[in-house]
Structure formats: structure tokens, C-alpha cells
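Close look at the chain arrangement
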Amino acid sequence: MTDTAVPPPAYSRILLKLSGEALMGDDAFGINRETIERMVQEIIAVAQMGVQLAIVIGGGNIFRGMAGGAAGMDRATADYMGMLATVMNSLALADAIDRKGVPARVMSAISIDQVAEPYVRPKALQYLEEGKIVVFAAGTGNPFFTTDTAAALRGAEVGAQLVLKATKVDGVYSADPMKDPQAQRYSRISFDEAMVKNLGIMDATAFALCRDQKLPIKVFSIVKPGALQRVVRGEDEGTLVYA
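Residues numbered from 1 in each chain as written. Predicted model: local features only at pLDDT ≥ 70, side-chain atom pairs only at ≥ 80, totals over all residues. Heavy atoms only, no water.

Here we come to the UniProt feature "binding site: ATP" (unreviewed entry) in the protein. When the UniProt feature table is mapped onto this chain, "binding site: ATP" (unreviewed entry) is found at Lys17, Leu18, Ser19, Gly20, Gly60, Arg64, Thr167, Tyr173 and Asp176. By the secondary structure assignment, Gly60 is in helix H2 (residues 60–63). The exposure class of Gly60 is buried, given its relative accessible area of 10%. (UniProt positions renumbered as here; feature names shortened; annotations may be inferred. Helix = DSSP H or I, 4+ residues; strand = E, 2+ residues; numbered from the N terminus. Buried < 20%, exposed > 50% of the residue type's maximum accessible area, 1.4 Å probe, protein only.)

In this section: the environment of Gly226. Inspection of the secondary structure puts Gly226 in the loop between strand E10 (217–221) and helix H9 (227–232). Its relative accessible area of 15% is what places Gly226 among the buried residues. The sequence separation of Gly226 and Val87 amounts to 139 residues, and the corresponding C-alpha distance is 27 Å.

Ranked by size, the top nonpolar core spans 42 residues in total, and within it Leu16, Leu18 and Ile43 carry the most contacts. Of all the elements in the fold, those that place two or more residues in this core are strand E1 (13–18), helix H1 (33–47), strand E2 (52–57), helix H4 (75–98), strand E3 (104–108), strand E5 (133–137), strand E6 (162–167) and H9. The element that contributes the greatest number of residues to this core is H4, accounting for 7 residues. Not counting the four nearest positions on each side in its chain, Leu16 is found in contact with Ile43, Leu53, Ala54, Ile55, Val56, Leu164, Ala166, Phe220 and Leu228. One finds Ala124, Tyr186, Ile189 and Val241 within the second-largest nonpolar core, a separate group that totals 31 residues. (Core = buried A, V, L, I, M, F, W, Y, C linked by side-chain atoms within 4.5 Å. Contact = heavy atoms within 4.5 Å.)

This next bit is on unusual backbone geometry. Glycine aside, residues mostly have negative phi angles, and peptide bonds mostly take the trans form. Positioned with a positive phi, Phe144 is a non-glycine residue whose angle comes to about 75°. The residue Phe144 is located in the loop between E5 and helix H6 (147–157) in this model. The exposed category is assigned to Phe144, whose relative accessible area is 51%.

Turning our eyes to something else, we now look at the packing of aromatic side chains. For the coordinates displayed, the defined rule picks out 2 aromatic pairs. Relative to Phe136, the ring of Tyr119 lies with its centre 5.4 Å away and its plane at 90°, an arrangement referred to as edge-to-face. With a gap of 17 residues between them, Tyr119 in the loop between strand E4 (117–118) and helix H5 (121–129) and Phe136 in strand E5 connect regions that are remote in the sequence. The same class applies to Tyr119 as to Phe136, namely buried. Between the aromatic rings of Phe191 and Phe207, the centroid separation amounts to 5.0 Å while the plane-to-plane angle is 65°, which identifies the pairing as edge-to-face. Here Phe207 lies in helix H8 (residues 204–212) and Phe191 lies in helix H7 (residues 191–196), a separation of 16 residues in the sequence. No difference in accessibility class separates Phe191 from Phe207, as the two residues are buried. When the ring centre of Tyr127 is taken as reference, the NZ or CZ atom of Arg105 above it lies at 5.7 Å. The aromatic ring of Phe136 is capped on one face by Arg154, whose charged end is 5.9 Å from the ring centroid. (Phe/Tyr/Trp six-rings, centres within 6.5 Å; stacked < 30°, edge-to-face > 60°. Lys NZ or Arg CZ within 6 Å of the ring centre and 35° of its normal.)

Here the focus is the environment of Ile222. Within the element layout of this structure, Ile222 appears in the loop between E10 and H9. For the pair formed by Ile222 and Leu18, sequence separation is 204 residues and the distance between their alpha carbons is 8.5 Å. The residues contacting Ile222, other than those within four sequence positions of it, are Leu18, Ala22, Arg38, Met39, Ala166 and Thr167.

The next point concerns the pattern of salt bridges. A complete count under the given rule lists 16 salt bridges for this structure. In this structure, Asp95 engages Arg99 in a salt bridge whose closest nitrogen and oxygen atoms are separated by 2.9 Å. Linked through salt bridges whose partners overlap, the residues forming this network are Arg33, Glu37, Asp95, Arg99 and Lys100. (Salt bridge = Lys/Arg side-chain N within 4 Å of Asp/Glu carboxyl O.)

Structure (C-alpha cells):
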């Protein structure tokens, strides 16, 4: 009789970084309901494997739609507007998760107490240990820092074993696979090699923080069905960036 048992997860606690654009689907901006529902199904499947899951989400699907109006605006002001966009996305994502019967909590790096509780590290750890999905909103709470940096920072703070960067491409390639059919996907690549090749996996601050903390990054496709679960089980999905 063939053993068809599903392998156990390779990680017990992960940090998932989602771009705001991932919520748009085929829309020009905003949140596509079908897309967020599909994404939530993938997230819940991982949580049901017993994996503690924290999420950082960007705000590009909302804020970039207003980019024309932000032209010439003070950079710090524009960044604070972007943080508010991430709060909106975090609330939408947590609500969709909650409605599937899995508890989710939004913790904001800026004070917005009427809609989200403040980020407090011990409370975040408590929620994770209780099996709740924690969504970190408003980036780091500081202008000039991206949500990539927020993902690296929160991942290190909560003791995540892996930062997952969800993209539309199924890993890191030697060249743009949309332009170069000969481009090769890396299954594994070291931080140092990725820096030498200037692959642009994350912004420099986030990448350096992960490297210094020896926190591996996994780049994978969020639009590929089942990819998130395969990553968590340690299968050859996406690209692992390691120290």
C-alpha cells in the first residue's frame, strides 16, 4: 500500500510578506474579492497545518492609484498615507480570514486604536502561540522604510524561521523570465551571491537585516495554487536565500 501521508511542515513560525498589488487581481487598483478569497484559502491551509503565521502587507494597490495626486508631496507625508493604505488592506485581509472561522488580529505600528490594536511584541507572540494569524499593519511606523523592511524587522522580532516574499514570479531568476526565455530559476542562493549578482530580491535595508540576523528568505509565486503550502513543507518551490 502506497504511503500518501502529507509531510509535516518544515517550519513552525513564518512571516509572510504580501504586496498590496497581490490583492488587485486583474483590477487596476483596490481589492479584488475573488483574489483575496483565494489567497485566504491558501493562508488558512497553512495555519491548519499547525504553522504560526504572521503577515505584513503593502499598500500599493490603494496608494499607487492616488500617485498622481501625491506628485510633489513631501516624502514623509506620502509615506504616512501609504501606511494608512496598508491598514486598510490589513483590515480587509483579517476580516476575510475571520469569516472563514480562523481568528486573525491586526496590529498597527501607528496609533489607530479605533480600528486596530497597537503593535506590542509580547502580545503578538501570545497571539501566535494561541494559533491566531497576526497581520502587521502600517509598516514600521516610520517614513522612508518600506514594507519589505517591516517584514524583515517583524520577522526577526517574533522569531520567525523564514520570511516568505510572495510575488507574481515563482522564484528568483538569473534574468527577467518574461524577457529572456533562457533565464534560469535559482533553487537556492546565498545572500552574498545574490548581492554580487544584484538580483534585487528585497530593498537593501530589508535584505541586510535578514542577512545580519541569518533569517532566510523564500521567494515564491502567490498566484500559483498550493505554492505556499509546498514552501512551508520545505519542498523545492520558489527560491531560498540563505546565510
